[in-house]
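Here are the chains, one letter per residue:
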Amino acid sequence: MGKYLNVGNAGFMAARKGTYIDKTGLITFINSTLGTKNKLTCVSRPRRFGKSFAAQMLCAYYDKSCDSRSLFDGLEIAKDPFFEKYLNQYDVIYLDITEFISDAFIKKKMQDVVIDLERRVIEELSNAYPDVERQNDLPNMLYSIAEATGNKFIFIIDEWDALFREVQHDAVLQEIYIKLLRGLFKNSGKTDKMIEAVYMTGILPIKKYGTQSAMSDFLEYTMTQPEPLEAFVGFTEQEVKALCANSELSFKDVQRWYDGYILGNNTHVYNPKSVIEAIRRKRIGNYWIQSETYESLRLYIELNRDGLKESIVQMLGGAHIKIDVTTFQNDMTTIKTRDDVLTLLVHLGYLAYDIDHKSVFIPNEEIGEEFVRAVTTGKHTKNK
C-alpha cells in the first residue's frame, strides 16, 4: 500500500462511518467502461459537491491491496452481477493534483511540479515491480510493466484541473502537464495495453484550444452536459427528503434554500456540503460559499462585460438569461464575453444551466444571497 499506488480504502471507510448517501451506482457505470474505448471518464463539478468522496469510493472498490467487501455490504453496487468480478482486482494509481501543487509551492519550485509528480509515481512503481527496468518517464514505465506482467492500471485523478486554476498564467507549465496526460491516455496503442480505466475529476471541463479539446479521447460529464451521471453530481431530491425525515429541519425549508440545480431528466440536485451542514447544525444557512474562487471572479463581474451586471440583476428577479456555453475555453484566463463569465459561474456552481432552453439562472436562496452582496457592495462577504 503506497501513497500513490494502491492507497487502500481508508478514505471510503471514514466516509462510511459518517452520514453516507449511497452513490455506488457510479461504480456500475465505471465497470461498464473497463477495457473499452469509453474507458476515459472526466467528471467536472463545483467545489464541495463530493468529488473526493467519489474518488475514494472508486479507490476502495478497485484497489487490489485491500479487502473492501464489507464496506460495500448493503449498498447498491453489492447487488450488481459484476460486483465480485472487479472488486479489489486492480493496481490503482491515485493522484490528488493539489497535493503536488502545494508541495511545489512550499519548495518554491512550481516549475517542477509535473516532473516531481512523475518522479514520485515512478519511484513507487519501481519499488512495486523491482524486476521491471526503471524508465525515466511515467508512460514508458507503465508500458514496461504492462509488457512484462500483463497488468493494467486504473487511474483516479482528483482535482485534475488544479494547475489551470492555481497557476492560471503559466501556459508553459500547463502545456507540460497536458503533454504528460496525452502521453498516458492518448497513445491508443500503449494506452489500451496499460490502462484499464481512468476516472478524472475537477471543477473545470478539459481545457479547449479554440474548438478542440486538449484531450479529445475523454468522455466528459459536466454541469452543462451531465447525462447520464446527473444523479451523482450531488444529492438528489429523494436523498434529501430521506435525510430531512431523520432531522429537525423540514424538507420544504431545505428545498427553498438549496434546491435549484435541475439537470437531465428533470433531476433536482442539491449541494451536499450545504445540506449536510444544515442538518448537522440544525439550522438553515449559507454554508457553501466559503471559497476563494468567488473572490477571483469579482474582477470579471466588475468589468461588466456585455452588460453582465444587468444580467445578474435580472436573474436576481427570477429571470433566465440565454447564453452560448460553447465559446468558453474551460479556463479562468481566456474570458472574452459575458457568456464566458456566466458559463464559468455555471461550472463553479454559482449559476444553474437549463440545457433545454440554453439559459442560466440563480439556483436558490443561498446563492442569491451572495449575488445580492456582490451587486450591492462589490464585495463578497464570507461567513463568520
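Treat the numbers as computed from the prediction; the structure is a model and nothing was measured. Within each chain, residue numbers correspond to sequence positions counted from 1 in written order. Where local features are concerned, this predicted model is filtered to residues with pLDDT of at least 70; where side-chain atom pairs are given and counted, the filter is 80 or more; whole-chain, interface and lining totals use all residues. To obtain the side-chain values, all non-hydrogen atoms of the structure were included, while hydrogens and water were left out.

What follows concerns the overall build of the protein. Here a helix means four or more residues in a row that DSSP labels H or I, a strand means two or more in a row labelled E, and each is numbered from the N terminus. Looking only at helices and strands, the protein features 17 helices and 13 strands. Computed over its C-alpha atoms, the radius of gyration of the protein comes to 21 Å, within 12% of the 21 Å expected for a compact globule of 384 residues. Taking the principal axes of its C-alpha atoms as reference, the protein extends roughly 65 × 50 × 40 Å. Using a 1.4 Å probe on the protein chains alone, a residue whose accessible area is under 20% of its type maximum counts as buried, one over 50% counts as exposed, and one in between counts as partly exposed. Of all 384 residues assigned to the protein, the portion counted as buried reaches 55%. Partitioning the intrachain contacts of the protein with sequence separation of at least 6 by distance along the chain shows that 71% fall at a separation of at least 24. Between the two quantities, the radius of gyration covers C-alpha atoms and the globule rule is 2.2 Å times the number of residues to the power 0.38. Any two residues whose heavy atoms approach within 4.5 Å at even a single point are treated as in contact.

With that out of the way, let us pick up helix α11 (residues 237-245). For α11, the complete set of buried residues consists of Glu239, Val240, Leu243 and Cys244. Taken down its axis, α11 places every buried residue within 135 degrees of arc, on the same side. More than 90 degrees from the buried face of α11, the exposed residues found are Gln238 and Ala245. Buried residues along α11 sit in contact with β8 (235-236), α12 (251-258), β10 (267-270) and α13 (272-281). Directions are taken from the helix axis to each C-beta atom, and the arc is the one they span.

Turning our eyes to something else, we now look at the layout of surface pockets. In this structure, the largest pocket encloses a volume near 800 Å³. Sort the elements by how many residues they give to the lining of the largest pocket and helix α3 (residues 51-62) lands first, with six residues. Cavity means a closed set of points on a 1 Å grid over the protein atoms alone, one where a 1.4 Å probe fits but cannot get out, pocket means an open set with protein on both sides within 12 Å along at least 5 of 7 lines, and lining means a residue has an atom within 4 Å of a point. Grid points are joined across faces, edges and corners, and a volume is the space filled by probe spheres set on the points.

Time to look at the packing of helix α2 (residues 25-33) against α3. It is at 10 Å that the axes of α2 and α3 come closest, and there the two elements cross at 60 degrees. For the pair α2 and α3, the crossing hand works out as right-handed. Taken together, the residues of α3 that come into contact with α2 (itself represented by Leu26, Ile27, Ile30 and Asn31) are Ala54, Met57, Leu58, Tyr61 and Tyr62. Here the contact of α2 with α3 is built from residues that sort into eight nonpolar, one polar and no charged. Only the contacting stretch of a helix is used when fitting its axis, a line to C-alpha atoms as for every element, and angles between N-to-C directions run 0 to 180 degrees. Helix crossings fall into two classes, left-handed where the near helix is turned counterclockwise from the far one by less than a right angle and right-handed where it is turned clockwise. Side-chain classes are defined by residue name, with Ala, Val, Leu, Ile, Met, Phe, Trp, Tyr, Cys and Pro counting as nonpolar, Asp, Glu, Lys and Arg as charged, and the others, Gly among them, as polar.

Our next topic: the confidence of the model for the protein. Residue-level confidence of the predictor is what pLDDT reports, using numbers from 0 through 100. This prediction gives the protein a mean pLDDT of 90; 93% of its residues lie at or above 70. Scored below 50 in pLDDT, residues 380-384 shows 11 contacts in the model against residues more than four places distant or in partner chains.

Below, the discussion takes up the packing of α11 against α13. Close contact between α11 and α13 brings their axes to 11 Å; oriented N to C, the two are set at 10 degrees. The pairing of α11 with α13 is recorded here as roughly parallel in orientation. Taking contact as the criterion, the partners of Val240, Leu243 and Cys244 in α11 are, on α13, Val275, Ile276 and Ile279. Among the residues making up the contact of α11 with α13, the classes are represented as six nonpolar, no polar and no charged. Should an angle fall under 35 degrees it is called roughly parallel, over 145 degrees roughly antiparallel, and 65 to 115 degrees roughly perpendicular, with every other angle called oblique.

Before going further, it helps to examine the side chain of Thr41. Tracing the backbone shows Thr41 in strand β1 (residues 40-44). With residues near it in sequence (within four places) discarded, Thr41 still touches Phe29, Ile30, Val198, Tyr199, Met200, Phe218, Leu219 and Tyr221.

For this document, the term salt bridge refers to a Lys or Arg side-chain nitrogen within 4 Å of an Asp or Glu carboxyl oxygen. Applying the stated criterion across every chain, the model contains 28 salt bridges. Asp103 is the salt-bridge partner of Arg120, the closest N and O atoms lying 2.8 Å from each other. Taken as a pair, Arg120 in helix α6 (residues 113-128) and Asp103 in helix α5 (residues 97-107) lie far apart in primary sequence, 17 residues in all. Arg120 sits in the buried class, given a relative accessible area of 11%. For Glu248, the salt bridge identified is with Lys282, shortest N-O distance 3.4 Å. Of the two residues, Glu248 is situated in the loop between α11 and α12 and Lys282 in the loop between α13 and α14 (293-303); the sequence distance between them amounts to 34 residues. Residue Glu248 is classed as exposed on the basis of its relative accessible area of 63%.

For the rest of this paragraph, the subject is the nonpolar core. Within the largest apolar cluster, 47 residues are counted, with the highest numbers of intra-cluster contacts made by Leu95, Leu125, Phe155, Trp160 and Phe185. For this core, the element with the highest residue contribution is helix α9 (residues 171-185), accounting for seven residues. Those residues in contact with Leu95 that sit more than four places away from it in its chain are Tyr4, Phe100, Leu117, Val121, Phe155, Ile156, Ile157 and Asp158. Buried Ala, Val, Leu, Ile, Met, Phe, Trp, Tyr and Cys residues that are joined via side-chain atoms within 4.5 Å together make up what is termed a nonpolar core. The next biggest cluster of nonpolar side chains, apart from the first, holds 34 residues, and it includes Leu263, Ile323, Val341 and Leu351.

Moving on to the sheet that holds strand β13 (residues 359-361). Between any two strands, at least two bridges found by DSSP are needed for them to pair. Pairing within the open sheet is antiparallel, and its three strands lie in the order β11-β13-β12. Each end of this open sheet is capped by a strand with a single partner; those strands are β11 (321-322) and β12 (352-354). Where β12 meets β13, three bridges bridge the pair, whose relative direction is antiparallel. By the bridge assignment for β13, Ala352 is matched with Phe361.

Pairing within the open sheet is parallel, and its five strands lie in the order β2-β3-β4-β1-β7. In this open sheet, the two strands that pair with only one neighbour each are β2 (91-96) and β7 (219-221). Recorded for the sheet is a direction-independent mean angle of 15 degrees between the axes of neighbouring strands. Pairing of β2 with strand β3 (residues 153-158), which is carried by six bridges, proceeds in the parallel orientation. What sits directly across from Leu95, in β3, is Ile157.

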